[in-house]
Amino acid sequence: MIFYGISRDFSLKDEEQYETIGQFWDEMAEIYGLENLRGLGYNWGGGKISYAIGLKDALIKDYNVSIVLPDENWAVAKGKTDDLKQIYDEIYKSGPLMFEIETFSENGNCEIQYYRK
């Protein structure tokens, strides 16, 4: 599977990524619609995370990354977007991730697919 998206780097300091990535989502959702998007977290290190947003069913215009992802062995967590930090706290109890793919719905639900080595 290849993920095509628009990527930016975000600081992990004081967990500010929840707010700054949320702003990135708001910006992209205004253009493409929230439920048409998926986000990919990857490349953690040096106090930052790389995060890309792409379309679920098409190529996003002006994408700046294409990332080859594993086809199998993804785990899934579902919950409420308001509980995102708690969902990730539970996911990370078992160790770091290589990739995470997030989707969000207008009714406040989220799904996180995640992959560990």
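So, here's what we can say about the structure. What you see is a predicted model; the values in this text were computed from it and never measured. (Residues numbered from 1 in each chain as written. Predicted model: local features only at pLDDT ≥ 70, side-chain atom pairs only at ≥ 80, totals over all residues. Heavy atoms only, no water.)

**What to know about the overall build of the protein**
Phase 1 of the analysis: Counting secondary structure elements, the protein contains two helices and seven strands.
Phase 2 of the analysis: Listing the helices and strands of the protein from first to last along the sequence gives β-α-β-β-β-β-α-β-β.
Phase 3 of the analysis: Taking 2.2 N^0.38 as the reference for a compact globule, 117 residues should give roughly 13 Å; the C-alpha atoms of the protein span a radius of gyration of 13 Å, in line with that estimate.
Phase 4 of the analysis: Counting only C-alpha atoms, the protein reaches 35 × 30 × 25 Å along its principal axes.
Phase 5 of the analysis: Considering the protein as a whole, with its 117 residues, one finds that 41% of them fall into the buried category.
Phase 6 of the analysis: Long-range contacts, defined here as pairs at least 24 residues apart, represent 65% of the contacts in the protein between residues at least 6 apart.
Phase 7 of the analysis: When the accessible surface of the protein is split by element, carbon and sulfur atoms take 47% of a total near 6,900 Å².
Phase 8 of the analysis: A distance of 4 Å separates the average location of the 12 positive side-chain charges in the protein from that of its 21 negative side-chain charges. (Helix = DSSP H or I, 4+ residues; strand = E, 2+ residues; numbered from the N terminus. Rg over C-alpha atoms; globule rule 2.2 N^0.38 Å. Buried < 20%, exposed > 50% of the residue type's maximum accessible area, 1.4 Å probe, protein only. Contact = heavy atoms within 4.5 Å. Areas by Shrake-Rupley, 256 points an atom, 1.4 Å probe, with all protein chains shown as cover. Lys, Arg positive; Asp, Glu negative; His and termini not counted. Charge placed at Lys NZ, Arg CZ, Asp CG, Glu CD.)

**Details of the sheet that holds strand β3 (residues 48-55)**
What links the strands of a sheet is backbone hydrogen bonding, and the strands pair in either a parallel or an antiparallel sense.
Phase 1 of the analysis: Taking strand neighbours across the sheet as the criterion, the seven strands line up as β4-β1-β3-β2-β6-β7-β5 in an open arrangement whose pairing is antiparallel. Single-partner strands in this sheet number two, and they are β4 (65-68) and β5 (75-80). The mean inter-strand angle of the sheet, taken between neighbouring strand axes irrespective of direction, is 30 degrees.
Phase 2 of the analysis: Two strands pair when backbone bridges link them, and strand β1 (residues 2-11) and β4 are joined in this way by four bridges, in the antiparallel orientation. Bridging from a neighbouring strand, tyrosine 4 pairs with serine 66 of β4.
Phase 3 of the analysis: The sheet contacts of helix α2 (residues 84-92) involve β2 (37-45), β5, β6 (99-104) and β7 (109-115), and relative to β7 the element is tilted by about 20 degrees. (Pairing = 2+ DSSP bridges. Axes fitted to C-alpha atoms, helices over the stretch in contact; angles between N-to-C directions.)

**Remarks on the side chain of glutamate 100**
Phase 1 of the analysis: With respect to the element layout, glutamate 100 can be found in strand β6.
Phase 2 of the analysis: For the buried glutamate 100, no salt bridge is present, and the opposite-charge side chain at shortest range is arginine 116, 9.3 Å distant.
Phase 3 of the analysis: A polar contact of 3.4 Å, which involves the side chain of glutamate 100, links it to the side chain of tyrosine 88.
Phase 4 of the analysis: Setting aside chain neighbours within four positions, we find glutamate 100 in contact with Gly39, Leu40, Gly41, Trp44, Ile49, Tyr51, Tyr88, Tyr92, Ile112, Gln113 and Tyr114. (Salt bridge = Lys/Arg side-chain N within 4 Å of Asp/Glu carboxyl O. Polar contact = N/O pair within 3.5 Å; in protein donor to acceptor, adjacent residues only side chain to side chain.)

**A short note on the packing of aromatic side chains**
Phase 1 of the analysis: Per the counting criterion, the structure on display carries seven aromatic pairs.
Phase 2 of the analysis: On the basis of an interplanar angle of 45 degrees and a centroid distance of 6.3 Å, the ring pair of phenylalanine 99 and tyrosine 115 is categorised as tilted. Here phenylalanine 99 is found in strand β6, whereas its partner tyrosine 115 is found in strand β7, with 16 residues between them in sequence. In terms of burial, phenylalanine 99 and tyrosine 115 fall into one category: buried. (Phe/Tyr/Trp six-rings, centres within 6.5 Å; stacked < 30°, edge-to-face > 60°.)

**Focus on the pattern of salt bridges**
Phase 1 of the analysis: Counted by the stated rule, this structure contains six salt bridges.
Phase 2 of the analysis: Between glutamate 27 and arginine 8 there is a salt bridge; the shortest N-O distance is 2.7 Å. Of this pair, glutamate 27 sits in helix α1 (residues 17-32) while arginine 8 sits in strand β1; the two residues are 19 residues apart in sequence, bridging distant segments of the chain.
Phase 3 of the analysis: Accessibility expressed as a relative area gives 37% for glutamate 27, which makes it partly exposed.
Phase 4 of the analysis: Judged by its relative accessible area of 33%, arginine 8 is partly exposed.
Phase 5 of the analysis: Here the salt bridges do not stand alone but share partners, grouping Glu15, Lys85 and Asp89 into one network.

Any functional reading would require information that these geometric values do not contain.
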